[in-house]
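Each chain is listed here by its residues.
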Amino acid sequence: AQSVTQPDIHITVSEGASLELRCNYSYGATPYLFWYVQSPGQGLQLLLKYFSGDTLVQGIKGFEAEFKRSQSSFNLRKPSVHWSDAAEYFCAVETSGNQFYFGTGTSLTVIP
Amino acid sequence: GAGVSQTPSNKVTEKGKYVELRCDPISGHTALYWYRQSLGQGPEFLIYFQGTGAADDSGLPNDRFFAVRPEGSVSTLKIQRTERGDSAVYLCASSLGSASYNEQFFGPGTRLTVL
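What you see is a predicted model; the values in this text were computed from it and never measured.

(A) Structural view of the nonpolar core. In this structure, Leu19, Trp35, Leu47, Leu48, Phe74, Leu76 and Tyr89 of chain A are the most contacted members of the largest nonpolar core, which totals 27 residues. Elements represented by at least two residues in this core include exactly strand E2 (10-14), strand E3 (19-21), strand E5 (32-38), strand E6 (45-50), strand E8 (64-68), strand E9 (73-78), strand E10 (87-94) and strand E12 (106-111) of chain A. For this core, the element with the highest residue contribution is E10 of chain A, accounting for 4 residues. Judged by nonpolar contacts, the second largest core, of 20 residues, contains Val19, Ile47, Ile79 and Val114 of chain B.

In structure tokens form, the structure reads like this:
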């Protein structure tokens, strides 16, 4: 069965520090992978996606993610976090049937 | 341009009642998705439409849940005989088509509380 695991429920980082949010997936075929951000009162916004090709993908707001097939991971990174990055982050996998499976999310707090 | 809108933003109802949640997708988007997000969880797929037809409704939890999209634009999610466990945020998303390369744009959600 398909599943997405985000092992970190909550992460706190200092502004300007680097960030890595972990995501592991379980899916039999080559997955389509996504990272979304959800700010309070806002809809989910797509940060980046991986379909194929280069395993390092760039997204909006300075985020990037690396697909590692051997580890079944798709971790999200940002070299320098801004206070406005505080939000909930969701990793998702899309199956061939156009169904999305989301992780439980990681809540990011940024301290000055 | 306008994004995906959902009404109402909040809905409080009593156990056993019927509710309708509305989604207005981005104009021209043929694919429309419904998700349910319970507290502390990620969105859970319910159903998606391609045009007027439900292409996949395998995520609907039981027959109390039903969704329509009669003209291929606005969609309504209908819940009969609501239960306290139905309390959640119901999210709608739309995209240009159902192909994976089409980004899904999400609405702000409807928070449903069943007392």
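(B) Focus on the interface of chain A and chain B. The interface of chain A with chain B comprises 20 residues on the first partner and 21 residues on the second. Summing both sides of the interface, chain A and chain B together bury roughly 1500 Å²; the carbon and sulfur share of this comes to 51%. Sorting the residues of chain A by area buried against chain B places Leu44, Asn98 and Gln99 of chain A first, and these three jointly supply 31% of that buried surface. Counting across the interface, chain A meets chain B through 2 residue pairs in polar contact (both at pLDDT 80 or more). Listing elements by their share of the side of chain A that touches chain B, those giving two or more residues are E5, E6, E10 and strand E11 (100-102) of chain A. With 4 residues, the top contributor of residues to the side of chain A that touches chain B is E5 of chain A.

(C) Structural view of the environment of Val110 of chain A. All names here are of chain A. The residue Val110 is located in strand E12 in this model. Residue classification places Val110 among the buried residues on the basis of a relative accessible area of 14%. C-alpha separation for the pair Val110 and Ala86, spaced 24 residues apart in sequence, amounts to 5.7 Å. Filtering out sequence-adjacent residues up to four positions away, Val110 remains in contact with Val13, Ser14, Glu15, Val81, His82, Trp83, Asp85 and Ala86.

(D) Layout of the state of the cysteines. Under the counting rule described, the total for this entry stands at 2 disulfides over all chains. Covalent S-S linkage joins Cys23 of chain A and Cys91 of chain A, the inter-sulfur distance amounting to 2.0 Å. The chirality of the disulfide connecting Cys23 of chain A with Cys91 of chain A is left-handed, given an S-S dihedral of about -65°. In this pair, Cys23 of chain A sits in the loop between E3 and strand E4 (24-26) while Cys91 of chain A sits in strand E10, placing the two residues 68 residues apart along the sequence. Judged by relative accessible area, which is 0%, Cys23 of chain A ranks as buried. The side chain of Cys23 of chain B participates in a disulfide bridge whose partner is Cys92 of chain B; the two sulfur atoms lie 1.8 Å from each other. When the S-S torsion is -65°, as for the bridge of Cys23 of chain B with Cys92 of chain B, the disulfide is left-handed. Of this pair, Cys23 of chain B sits in strand E3 (residues 19-24) while Cys92 of chain B is found in strand E9 (residues 88-95), placing the two residues 69 residues apart along the sequence. For the pair shown, Cys23 of chain B and Cys92 of chain B are each scored as buried.

(E) How the structure looks around the sheet that holds strand E1 (residues 5-7) of chain B. Residue and element names in this part refer to chain B. Reading across the sheet, the 4 strands line up as E1-E3-E8-E7 and stay open at both edges, with antiparallel pairing between neighbours. Two strands bound the open sheet, and with one partner strand each, they are E1 and strand E7 (65-68). Across the sheet, the mean angle separating the axes of adjacent strands is 15° when strand polarity is ignored. Pairing analysis gives 4 bridges linking E7 to strand E8 (residues 75-79), with the strands arranged antiparallel. Paired with Val68 across the two strands is Thr76, which belongs to E8.

The rules behind the values
Residues numbered from 1 in each chain as written. Chains lettered and ligands numbered in written order. Predicted model: local features only at pLDDT ≥ 70, side-chain atom pairs only at ≥ 80, totals over all residues. Heavy atoms only, no water. Core = buried A, V, L, I, M, F, W, Y, C linked by side-chain atoms within 4.5 Å. Buried < 20%, exposed > 50% of the residue type's maximum accessible area, 1.4 Å probe, protein only. Helix = DSSP H or I, 4+ residues; strand = E, 2+ residues; numbered from the N terminus. Contact = heavy atoms within 4.5 Å. Buried area = accessible area lost by both parts, 1.4 Å probe. Polar contact = N/O pair within 3.5 Å; in protein donor to acceptor, adjacent residues only side chain to side chain. Disulfide = S-S within 2.5 Å. Pairing = 2+ DSSP bridges. Axes fitted to C-alpha atoms, helices over the stretch in contact; angles between N-to-C directions.

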